[in-house]
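This is what each chain is made of:
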Amino acid sequence: VGRMGGAAAAAVLAVGPLQLAYGAEVNDYPLLVLAVACCLLGRAEVLRGRPITLLVIAGIAGGWTHMLGGGWAVATALSLWAFDRRSAQRAVGYILLGCLPVIWRGLALALEEGSYGQAGLVFDGLLEGLTVKIGYWWLVVPVVGLGALKRPGLGLLLAGATGLILVMIIAGIAAPHQHPYWLVLGPPGALLVAA
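J.: Explain the overall build of the protein to me, please; I cannot follow it from the model alone.
T.: The secondary structure content of the protein amounts to 11 helices and 0 strands. From first element to last, N terminus to C terminus, the protein shows the α and β order α-α-α-α-α-α-α-α-α-α-α. For the protein, the C-alpha radius of gyration of 16 Å lies close to 16 Å, the compact-globule estimate for 195 residues. Oriented by its inertia axes, the alpha-carbon framework of the protein measures out at about 45 × 40 × 30 Å. Relative to its full complement of 195 residues, the protein shows a buried share of 42%. Taken as a whole, the protein presents about 10200 Å² of accessible surface, with 69% of it coming from carbon and sulfur.

Written as C-alpha cells, this is what we have:
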C-alpha cells in the first residue's frame, strides 16, 4: 500500500484501529488484507502496461483465503475492463480457474441451510460495534470520499466491497456483530485517503 500511495497511505493502514484489532488474528484476515493489497498492486502494474501475473497470483491467494478475497480479486480484475479488456478477461479467467476447488466447495456450502444462520442486518448493532472498535476514525470517511473523487475506479471497488459485505450480512452468511470482514476496505481506503 505504501508502494502505491506513499507514506501517508502506509501510515493510515498501519495505524487503523480495525487493522490493529485483527492484526494478530490467527484466522485468515491478515492474509486477506495482504491479498487485497497485492491485488491492488497487480492492478496498478497492469495499468502501467505490465503483465497480469501479480494480480492473478494475489487473486488466487485471496480466493483461497476467504470468499471476500475471491470476490475482491474478480472485481479488481474486472475494473481493468475499460483500460485493457483482454487483460481483464484473462485475469478473471485465471483467477476463477485457480479458485475452482474453492468455488465448488462454496457452492456446496451455499446449498446447506446452516450457512445462513446469522442474525441478518441489524444496522444499529453493526454501527455501534464498529464505532467501539474504530472510535474517531469515522472522521476519515469523508476524506475517503474526497479521495474517491480523485480516483473513481478505486472508489467504485471500495463501494463494491462494502456492498458485498452488506449482502453477506443481509443473507445471514456473515454476522453483523463480527467485524473482520471490514478489513478488506483498509488498503483501498488508505489509498483513497492518501489521494
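Past the structure itself, the notes keep going.
J.: Help me understand helix H3 (residues 29-47) in this model?
T.: The periodicity of an α-helix, 3.6 residues per turn, causes residues three or four places apart in sequence to face the same way. The terminal C-alpha atoms of H3 lie 27 Å apart, and with 19 residues this matches the ideal 27 Å at 1.5 Å per residue to within 8%. The buried fraction of H3 is high, at 14 of 19 residues.

J.: Could you clarify how one ought to interpret the side chain of Ser-87 in this entry?
T.: Relative to the assigned elements, Ser-87 resides in helix H6 (residues 85-98). Discounting residues that sit within four places of it in the chain, Ser-87 has contacts with Val-46 and Ile-52.

J.: Sorry if this is basic, but what is going on with the pattern of salt bridges here?
T.: Overall, the coordinates contain 2 salt bridges when judged by the stated rule. The shortest N-O distance in the salt bridge between Glu-45 and Arg-48 comes to 3.1 Å. You can call Glu-45 buried: its relative accessible area is 13%. For the salt bridge of Glu-45 with Arg-50, the shortest nitrogen-to-oxygen distance reads 3.3 Å. Taking the relative accessible area as the measure of exposure, Arg-50 reaches 43% and is therefore partly exposed. Beyond isolated ion pairs, a larger network of salt bridges with shared partners links Glu-45, Arg-48 and Arg-50.

J.: How do you make sense of the nonpolar core when you look at a structure like this?
T.: Across soluble globular proteins, nonpolar side chains show a tendency to be buried alongside one another. Counting 50 residues, the largest nonpolar core has Val-1, Leu-18, Leu-68, Trp-72, Ile-165, Tyr-181 and Trp-182 as its most contacted members. Among the elements that line this core, the one with the most residues is H3, at 8 residues. With sequence-adjacent residues up to four places away left out, Trp-182 is seen in contact with Leu-18, Leu-126, Leu-130, Thr-162, Ile-165, Leu-166 and Ile-169.

J.: Where do I start with the side chain of His-179 in this structure?
T.: Inspection of the secondary structure assignment puts His-179 in the loop between helix H10 (152-170) and helix H11 (186-194). Here His-179 falls in the buried class, since its relative accessible area comes to 2%. Polar contacts involving the side chain of His-179 include one to the side chain of Lys-133, which spans 2.9 Å. Those residues within four positions of His-179 in sequence are excluded, and the remaining contacts are Leu-18, Tyr-22, Leu-126, Gly-129, Leu-130 and Lys-133.

J.: Would you mind showing me how to read helix H5 (residues 67-78) here?
T.: In a regular helix each residue adds 1.5 Å, so 12 residues correspond to 16 Å; H5 covers 17 Å between its end C-alpha atoms and thus fits that length. Each element contacted by the buried residues of H5 is listed here: H3, helix H4 (53-65), H6, H10 and H11.

J.: Sorry, what's going on with a nonpolar patch on the surface here?
T.: A surface patch of nonpolar side chains, about 570 Å² in accessible area, is lined by Tyr-94, Leu-96, Leu-97, Leu-100, Ile-103 and Leu-107. Broken down by secondary-structure element, the contributors of at least two residues to the nonpolar patch are H6 and helix H7 (100-110). With respect to the helices and strands, Leu-107 occurs in helix H7.

J.: In this structure, what is going on with the environment of Pro-51? I would like to understand it.
T.: Along the chain, Pro-51 falls in the loop between H3 and H4. On a C-alpha basis, the gap between Pro-51 and Pro-176 in space is 38 Å, while along the polypeptide they are 125 residues apart.

Conventions used here
Residues numbered from 1 in each chain as written. Predicted model: local features only at pLDDT ≥ 70, side-chain atom pairs only at ≥ 80, totals over all residues. Heavy atoms only, no water. Helix = DSSP H or I, 4+ residues; strand = E, 2+ residues; numbered from the N terminus. Rg over C-alpha atoms; globule rule 2.2 N^0.38 Å. Buried < 20%, exposed > 50% of the residue type's maximum accessible area, 1.4 Å probe, protein only. Areas by Shrake-Rupley, 256 points an atom, 1.4 Å probe, with all protein chains shown as cover. Expected span 1.5 Å × (residues − 1). Contact = heavy atoms within 4.5 Å. Salt bridge = Lys/Arg side-chain N within 4 Å of Asp/Glu carboxyl O. Core = buried A, V, L, I, M, F, W, Y, C linked by side-chain atoms within 4.5 Å. Polar contact = N/O pair within 3.5 Å; in protein donor to acceptor, adjacent residues only side chain to side chain. Patch = residues over 30% accessible without salt bridge, like charges linked within 9 Å, V, L, I, M, F, W, Y side chains within 5 Å.

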